[in-house]
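Residue-level structural notes
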Amino acid sequence: MSRRTDVLKSWFRAGADRAAQRLDQVAPIAMARRFVRELRDQRTTVSDKDLTRAVAHVSVVESASITARRGGLHVDVSFVDAPDLSCTLTPIATRFAPRGAKEVVFRVTPREAQRHRGLRDVTSAIAGSIAHQLWAIALAKLREEDISGAIVDRDGDECMRVDLRTVPAVRDAVRQRTGAMVIELLELRELSVVDGALSLSVRLPGLTP
């Protein structure tokens with residue numbers, strides 16, 4: 001793994017233009033340039049419009065609205081064969097382990113919403129959006145309209161936990177050498193909600209502090 005780490009670091013240190021040329025082997029040139037820029041800034045975002053679009057494409061969803069305001073993602077979703085869901089998902093933890101879990105945890109308010117059978121589908125689609133943004137350089141060619149499918153579990157009395165490794169595109173990407181390298185190296189250090197977006201703080205161990 002150390003040799004692969006050095007390769008990715010060298011791409012970054014070479015500067016955006018040269019790194020983008022090397023990364024173009026993995027993803028389109030525009031995405032490679034964005035990857036290098038966002039790694040330098042150590043932050044990227046997923047807009048609430050993109051989150052809404054991801055949830056709306058889930059097969060059991062009839063209509064969706066995800067609104068990002070400081071404090072949480074406000075979820076209003078109607079389903080084909082289930083009651084409407086209205087709740088707030090607040091990111092409270094990221095748990096990344098070397099060659100292990102890549103988890104995100106959301107607090108659900110009100111906690112009774114945990115019992116809604118559609119909550120897992122909504123949380124799964126949001127997790128898919130996070131994974132596709134965090135590891136876009138590896139997942140770009142694997143993106144589909146419905147990016148749900150991650151396994152969602154309850155975490156205590158009021159939280160939901162998702163391991164991003166269970167996102168279908170991530171499972172496919174780790175079968176390839178470059179995809180596995182990117183997914184292992186790029187860590188999600190923190191999730192936070194700002195007005196209009198979910199903000200991802202990104203870290204590359206040994207390169208970014």
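As the structure is a computational prediction, the values presented were derived from the model and not from experiment. (Residues numbered from 1 in each chain as written. Predicted model: local features only at pLDDT ≥ 70, side-chain atom pairs only at ≥ 80, totals over all residues. Heavy atoms only, no water.)

**Things to note about the overall build of the protein**
Cut-off, in case you're wondering: Secondary structure elements follow DSSP: runs of H or I no shorter than four residues count as helices, runs of E no shorter than two count as strands, and numbering proceeds from the N terminus. By definition in these notes, contact holds between two residues if any of their heavy atoms fall within 4.5 Å. Every accessible area reported is derived by Shrake-Rupley at a probe size of 1.4 Å, with residue values counting cover from the shown protein chains alone.
A tally of regular secondary structure across the protein gives 8 helices and 9 strands. Relative to all contacts within the protein whose residues are 6 or more apart in sequence, the contacts with residues 24 or more apart total 58%. Counting every atom, the protein has about 10,100 Å² of accessible surface; 44% of that belongs to carbon and sulfur.

**Side note on the nonpolar core**
Operational definition: Among the buried residues, those of types Ala, Val, Leu, Ile, Met, Phe, Trp, Tyr and Cys that are joined through side-chain atoms within 4.5 Å form a nonpolar core. A simple rule labels every residue: compare its accessible area, found with a 1.4 Å probe on the protein chains alone, to the largest value its type can have, and call it buried under 20%, exposed over 50%, or partly exposed in between.
Residues Leu73 and Trp135 are the most contacted members of the largest nonpolar core, which totals 54 residues. Ranked by the residues each element gives to this core, the list is headed by helix H5 (residues 119-134), at 8 residues. Setting aside anything within four residues of it in sequence, one finds tryptophan 135 in contact with Phe96, Lys102, Leu164, Val170, Val182, Ile183 and Leu186.

**Focus on unusual backbone geometry**
With an omega of -5°, the peptide bond between threonine 109 and proline 110 qualifies as cis. Unusually for a residue other than glycine, arginine 99 sits at a positive phi of about 55°. Mapped onto the elements of the fold, arginine 99 is located in the loop between strand S4 (85-96) and strand S5 (102-109).

**Focus: the confidence of the model for the protein**
Worth spelling out the cut-off: What pLDDT expresses is the predictor's confidence in each residue, scored from 0 to 100.
Of all residues in the protein, 77% attain a pLDDT of 70 or more, and the chain-wide mean is 84. Long-range and interchain partners of residues 13-24, a stretch whose pLDDT sits below 50, account for 21 contacts in this model, where long-range means more than four residues apart.

**Focus on the sheet that holds strand S9 (residues 197-203)**
Note the cut-off: Following DSSP output, two strands are said to pair if at least two bridges run between them. Lines fitted to the C-alpha atoms define the axes, with helices restricted to the stretch that makes contact. Angles between their N-to-C directions range from 0 to 180 degrees.
Overall, antiparallel pairing links the 3 strands, which are arranged S1-S9-S8 in an open sheet. Sheet topology places strand S1 (43-47) and strand S8 (187-194) at the edges, where each strand pairs with a single neighbour. Sheet twist, expressed as the average angle between the axes of neighbouring strands with direction ignored, equals 25°. This element, helix H4 (residues 48-56), spans S1 and S9 of the sheet and lies at about 55° to S1.

**A few points about the environment of serine 129**
Mapped onto the fold, serine 129 is located in helix H5. Owing to a relative accessible area of 5%, serine 129 belongs among the buried residues under this scheme. C-alpha of serine 129 to C-alpha of aspartate 50: the two residues are 79 residues apart in sequence and 7.7 Å apart in space. Those residues in contact with serine 129 that lie beyond four places of it in its chain are Val46, Asp50, Leu51, Ala54 and Ile147.

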